[in-house]
Amino acid sequence: MKVCVVGGGGREHALAHVLGRTSEVVRTRTDPGGIDADLYVIGPEQPLVEGLADRLRREGRSVFGPGADGARLEGSKVWMKQVLEEAGVPTARHGAFDEVEPAVGFLRSLAGPYVVKTDGLAAGKGVLVTDSVEEAVEDLRAKLSGASFGDAGRTVVIEEGLRGPELSLLAVCDGRRAVPLAPARDHKRLGEGDAGPNTGGMGAYSPVAEAGPELVEEVMERAVEPTLAALQRLGVDYRGVLYAGLMLTAEGPKVLEYNVRFGDPEAQVVLPRYAGDLAALLAQAASGHLTAEPTFTDEACVTVVLAAGGYPASPRTGDVISGVDEAESVEGVTVFHAGAERGPYGRLLTSGGRVLDVTALGPDVPEARRRAYRAVAHISFLGMQYRGDIAATAVER
Ligand code: AMP
Ligand code: GLY
């Protein structure tokens, strides 16, 4: 089978790497245009929201990734919340607003922490979580005026803040049936100890000890399956990944958000553990006839994101990266390229916020983590930032 992976980030590098075990893979950063393939796997949310999957399907191609109708789950948090309500899925108390006064009123009726989200896409950066009402009010003014996130912020969702560890559960869907992949945990904040602003994700690990088969089943039964059924009732034939971002609260798991694609960097730790033929699984889902049951190895996987100086606000680019080959000589390590590209003289240069995903497989999380950080120590570029505590709490347990 020939598979075309659309997207130029670390997630797509990981997808191509694992699909390449069983298939011929071509990659394209942008529109696949004239590329002929048996299956198209669309990585990022933006082209999905813009209807790339619909267009390819109209051309008679087999596509893994929802159409624009289903991708609205990620493209509009307001709509996502409506679908969650319609499906009866546990989520945070919330309201949607496009004017300041009622938004402030609702905010003040909540106990805190306070959460302010842009309705539209913001590359994982449109969410503020704070204990300060004043900061929340200031943030929602900036969002509603268009000052901070342009049109994406002109409607906001305000939520009660939930507490608990987070979990990412990605399910592969064929329109009617959904099967879970191995759970993963992402570290969203920029700084160690979960300090600083939200980012697209600074590292991840899988498996997650407290997310055993019972929890996965509970999330499938209470969240993913009812959501897929609600989408079906709305006439949406959802073929792709439904990614549930969960908070494991004292009252059970609640959905913080849905994404309509593989997580980044969750894909980098989930997919390398896949024990079957990933291309076959995604092709089945794309065809609407998913019969395979995903299986995973007992190995653990940890990825540490190396981010550019200035990320997430204003990442610097064009810096020379060294040490990637040495890093990959560490046992079990693969370095996925996210915001990195070849410049003059074949040098690898930084070209985006999240630059490299240093990823290690190992017999368990502690060993995978040791390998990942051993590899990180070989790599350097000006302004490089990373967290030293990825998967640390998993190791302490
Ligand atoms: P989202 O894009 O909706 O997943 O939000 C990004 C991140 O913000 C999540 O991974 C959480 O860390 C945090 N977050 C979102 N919603 C809430 C909430 N209701 N309570 C606490 N934290 C939240
Ligand atoms: N890692 C979070 C995301 O992919 O949205």
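Owing to the predicted nature of the structure, the values given are computational and were not obtained by experimental measurement.

## Some remarks on the site of ligand 1
Then, number 1: Taken together, 16 residues sit near ligand 1, with K117, E159, L162, E166 and E257 positioned nearest.
Then, number 2: Between ligand 1 and K188 there is a distance of 3.0 Å, counted from an oxygen atom to a side-chain nitrogen or oxygen.
Then, number 3: Note that an oxygen atom of ligand 1 is positioned 3.5 Å from one of the side-chain N or O atoms of N198.
Then, number 4: Compared with its free state, where it exposes 470 Å², ligand 1 has 94% of that area covered by protein.
Then, number 5: Elements with a contribution of two residues or more to the shell around ligand 1: β6 (114-118), β7 (127-130), β8 (156-160) and β16 (252-259).

## A word on the nonpolar core
Then, number 1: L73, Y238, Y258, I321, L356 and I379 are the most contacted members of the largest nonpolar core, which has 71 residues in total.
Then, number 2: No other element matches the 9 residues that helix α8 (residues 213-233) contributes to this core.

## So, the environment of D119
Then, number 1: By secondary structure assignment, the location of D119 is in the loop between β6 and β7.
Then, number 2: In sequence terms D119 and D151 are 32 residues apart; their C-alpha atoms lie 9.1 Å from each other.
Then, number 3: Ignoring sequence-local partners within four residues, the contact set of D119 consists of G75, S76, K77, V78, A152, T155 and V156.
Then, number 4: A distance of 2.8 Å separates polar atoms of two side chains, one belonging to D119 and the other to S76.

## Details of the packing of aromatic side chains
Then, number 1: Tallied over the entire structure, the rule returns 4 aromatic pairs.
Then, number 2: Ring geometry for F97 versus F106: centroids 5.4 Å apart, planes at 40°, classification tilted. One exposure class covers both F97 and F106, and it is buried.
Then, number 3: Ring centres of Y373 and Y386 lie 6.4 Å apart, and the angle between their planes is 40°; on these two criteria the pair is classed as tilted. Of the two residues, Y373 is situated in helix α12 (residues 365-376) and Y386 in the loop between α12 and α13 (392-396); the sequence distance between them amounts to 13 residues.
Then, number 4: Its relative accessible area of 17% is what places Y373 among the buried residues.
Then, number 5: Judged by its relative accessible area of 36%, Y386 falls in the partly exposed class.

## Digging into the packing of helix α5 (residues 77-87) against α8
Then, number 1: Running from N to C, α5 and α8 point in directions that differ by 105°, and their axes come no closer than 9 Å. Considering their axes alone, α5 and α8 lie roughly perpendicular with respect to each other. Contacts from W79, V83, L84, E86 and A87 in α5 reach P226, T227, A230, L231 and R233 in α8.
Then, number 2: The class makeup of the residues in the contact of α5 with α8 is 7 nonpolar, 1 polar and 2 charged.

## Structural notes on the sheet that holds β7
Then, number 1: With respect to topology, 4 strands assemble into an open sheet ordered β5-β8-β6-β7, the strand pairing being antiparallel. Where the open sheet ends on each side, the last strands, each with one partner, are β5 (94-97) and β7. Strand-to-strand twist across the sheet, computed as the mean angle between neighbouring axes with direction ignored, equals 15°.
Then, number 2: The strands touched by helix α6 (residues 100-109) are β5, β6 and β8; relative to β5, the strand with the most contacts, the crossing angle is about 165°.

## Points about the layout of surface pockets
Then, number 1: Of the pockets and cavities examined, the second largest pocket occupies roughly 300 Å³.
Then, number 2: Ranked by residue count, the leading element in the lining of the second largest pocket is α8, at 6 residues.

## Re the site of ligand 2
Then, number 1: Near ligand 2 the following residues occur: D186, K188, G200, Y243, N259, R261, G263, D264, P265 and E266.
Then, number 2: The side chain of D186 places a nitrogen or oxygen atom 2.8 Å from a nitrogen atom of ligand 2.
Then, number 3: One of the backbone N or O atoms of D264 is found 2.9 Å from an oxygen atom in ligand 2.
Then, number 4: By residue class, the composition of the shell around ligand 2 is 2 nonpolar, 3 polar and 5 charged.

## Brief notes about the packing of α6 against helix α7 (residues 133-144)
Then, number 1: At a closest axis distance of 10 Å, the pairing of α6 and α7 adopts a crossing angle of 155°. One element, α6, and the other, α7, form an angle in the roughly antiparallel class. The hand of the α6/α7 crossing is right-handed. Contact with α6, carried on its side by V100, A103, V104, L107 and R108, involves V133, A136, V137, L140, R141 and L144 of α7 and no other residues of that element.

Reading guide: rules and limits
- Residues numbered from 1 in each chain as written.
- Chains lettered and ligands numbered in written order.
- Predicted model: local features only at pLDDT ≥ 70, side-chain atom pairs only at ≥ 80, totals over all residues.
- Heavy atoms only, no water.
- Near = heavy atom within 4 Å.
- Polar contact = N/O pair within 3.5 Å; in protein donor to acceptor, adjacent residues only side chain to side chain.
- Areas by Shrake-Rupley, 256 points an atom, 1.4 Å probe, with all protein chains shown as cover.
- Helix = DSSP H or I, 4+ residues; strand = E, 2+ residues; numbered from the N terminus.
- Core = buried A, V, L, I, M, F, W, Y, C linked by side-chain atoms within 4.5 Å.
- Buried < 20%, exposed > 50% of the residue type's maximum accessible area, 1.4 Å probe, protein only.
- Contact = heavy atoms within 4.5 Å.
- Phe/Tyr/Trp six-rings, centres within 6.5 Å; stacked < 30°, edge-to-face > 60°.
- Axes fitted to C-alpha atoms, helices over the stretch in contact; angles between N-to-C directions.
- Parallel < 35°, antiparallel > 145°, perpendicular 65-115°, else oblique.
- Nonpolar A, V, L, I, M, F, W, Y, C, P; charged D, E, K, R; others polar.
- Pairing = 2+ DSSP bridges.
- 1 Å grid on protein atoms, 1.4 Å probe; cavity = no way out; pocket = protein on both sides within 12 Å on 5 of 7 lines; lining within 4 Å.
- Points joined across faces, edges and corners; volume = space filled by probe spheres on them.
- Left-handed = near helix turned anticlockwise from the far one by under 90°.

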